[in-house]
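For reference, the chains in residue letters:
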Amino acid sequence: MFKKHLMLTKLVGGKRGLLASILIFALLSSFPFLFNFQFGQFHLATVILALGGMLAFEREHNVLAGTLLACAIAAKIFSGLLIIYLLIRKQYRAMLWTLIFTVSYTLIALLAVVFDTFRAFIEYHIPRLASGDAFSFFFKNPLTLAANASIYAIPFKLDRLGVPGMSVEIASWVIWIFIALIIIATIIAARRPKDFISDVCVWLALLALCSLRNQDAPNVYIGTTALWLLTLLA
């Protein structure tokens, strides 16, 4: 994390890069980052891998970039939003390497586990992830629900506040509308004139927004990406 941030600030350069490099100490000592380091959740590592891949694409290290971004996508699929960004930017070689390594990681996983386990993940677990059933136990606890920054959790919070008509079906509609809005925002952002500093901010913003699509998005995980973005906007 430390090395990646310093490399990023060096590429940014100028006063903004200097300020962002100084803010690394405030960033790493913030509660969300300390919680991630202590608890060991992979969310922050996914963001670092995805951002590292996009930076490598900018420097035309396509094989390395595809490796990093594909690893991020294989770990947490919300990083796949950046493929749409690459498509709109017409960075077809970058897309190709990312897809090649994503397929490669999938085949390696298929070889590493029993096929029935892989099939159970696709047929049983992925539908439960998509519907939110896999995280239903989180919504029964008021504390975990309050700490859940997911868009999916909003109807459940409104239900606790006494708003009538809130249900799983409403939450599903809300999440699909949110996904559509994120894709539109990605297309608009990718059509902007190319500017390195703005591009990095867009990548971090898209990763932060797309991670809100997860049914369970604890604020201590999601907050890391937003804080990292703020060091560049300071």
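Calculation criteria
- Residues numbered from 1 in each chain as written.
- Predicted model: local features only at pLDDT ≥ 70, side-chain atom pairs only at ≥ 80, totals over all residues.
- Heavy atoms only, no water.
- Patch = residues over 30% accessible without salt bridge, like charges linked within 9 Å, V, L, I, M, F, W, Y side chains within 5 Å.
- Areas by Shrake-Rupley, 256 points an atom, 1.4 Å probe, with all protein chains shown as cover.
- Salt bridge = Lys/Arg side-chain N within 4 Å of Asp/Glu carboxyl O.
- Helix = DSSP H or I, 4+ residues; strand = E, 2+ residues; numbered from the N terminus.
- Buried < 20%, exposed > 50% of the residue type's maximum accessible area, 1.4 Å probe, protein only.
- 1 Å grid on protein atoms, 1.4 Å probe; cavity = no way out; pocket = protein on both sides within 12 Å on 5 of 7 lines; lining within 4 Å.
- Points joined across faces, edges and corners; volume = space filled by probe spheres on them.
- pLDDT = per-residue confidence, 0-100.
- Phe/Tyr/Trp six-rings, centres within 6.5 Å; stacked < 30°, edge-to-face > 60°.
- Contact = heavy atoms within 4.5 Å.
- Arc of directions from axis to C-beta.
- Polar contact = N/O pair within 3.5 Å; in protein donor to acceptor, adjacent residues only side chain to side chain.

Asker: Describe a nonpolar patch on the surface, naming the residues involved and giving the relevant values.
Answerer: Nonpolar side chains collect at one region of the surface, where Trp-173, Ile-177, Leu-181, Ile-184 and Ile-188 lie side by side and expose about 580 Å² of accessible area between them. Along the chain, Ile-188 turns up in helix α12 (residues 168-190). Taking relative accessible area as the criterion, Ile-188 reaches 56% and is therefore assigned exposed.

Asker: Quick rundown of the layout of surface pockets? Include the residues and the values.
Answerer: Where empty space is left can be seen by rolling a probe of water-molecule size over the atoms. Looking at the largest pocket, its volume works out to about 1,400 Å³. Elements that contribute at least two residues to the lining of the largest pocket include exactly α6 (62-75), α7 (81-88), α8 (92-112), α9 (115-131), α12, α13 (196-211) and α14 (219-233). With seven residues, the top contributor of residues to the lining of the largest pocket is α9.

Asker: For the confidence of the model for the protein chain, give the residues involved together with the corresponding values.
Answerer: Residues with a pLDDT of 70 or more make up 94% of the protein chain, whose mean pLDDT is 84. For the protein chain, helix α1 (residues 2-12) is the element with the lowest average pLDDT, namely 66, and α7 is the one with the highest, namely 92.

Asker: Break down the packing of aromatic side chains for me, citing the residues and quoting the values.
Answerer: This structure, assessed with the given rule, holds six aromatic pairs. Consider the rings of Tyr-152 and Phe-156, whose centres lie 5.5 Å apart with planes at 40°: the pair is tilted. Phe-156 shares its class with Tyr-152; the two are buried. Among the aromatic residues, those joined into a ring-pair cluster are Phe-31, Phe-35 and Tyr-221.

Asker: I'd like to hear about the environment of Val-174, residue by residue, with values.
Answerer: Residue placement: Val-174 occurs in helix α12. The sequence separation of Val-174 and Ile-154 amounts to 20 residues, and the corresponding C-alpha distance is 8.7 Å. Residue contacts for Val-174: discarding those within four places in its chain leaves Ile-151 and Pro-155.

Asker: Hey, could you go over the pattern of salt bridges for me, with residue numbers and the actual values?
Answerer: In total, this model carries four salt bridges according to the counting rule given. Salt-bridge contacts for Lys-194 lead to Glu-58; the nearest nitrogen and oxygen are separated by 3.0 Å. Taken together, the positions of Lys-194 in the loop between α12 and α13 and Glu-58 in helix α5 (residues 43-58) put the pair 136 residues apart, joining distant regions of the chain. Through salt bridges that share partners, Arg-89, Arg-192 and Asp-199 make up one connected network.

Asker: If you had to explain helix α2 (residues 14-22) to someone new, which residues and values would you point to?
Answerer: If you check which residues of α2 are buried, you get Gly-17, Ala-20 and Ser-21. Looking straight down α2, one finds its buried side chains confined to an arc of 100°; they lie on one side. Away from its buried face, by an angle of more than 90 degrees, α2 presents the exposed residues Lys-15 and Leu-18.

Asker: With reference to specific residues and values, describe the side chain of Asn-148.
Answerer: Summarising the element assignment, Asn-148 is placed in the loop between α10 (142-146) and α11 (154-160). In this structure Asn-148 comes out as buried when scored by relative accessible area, which is 2%. In terms of polar contacts, Asn-148 uses its side chain to reach the backbone amide nitrogen of Ser-150, at 2.9 Å. In terms of polar contacts, Asn-148 uses its side chain to reach the backbone carbonyl oxygen of Gln-215, at 3.0 Å. Non-local contacts of Asn-148, meaning those with residues more than four positions away in its chain, are made with Phe-139, Ala-153, Lys-157, Gln-215, Asp-216 and Ala-217.

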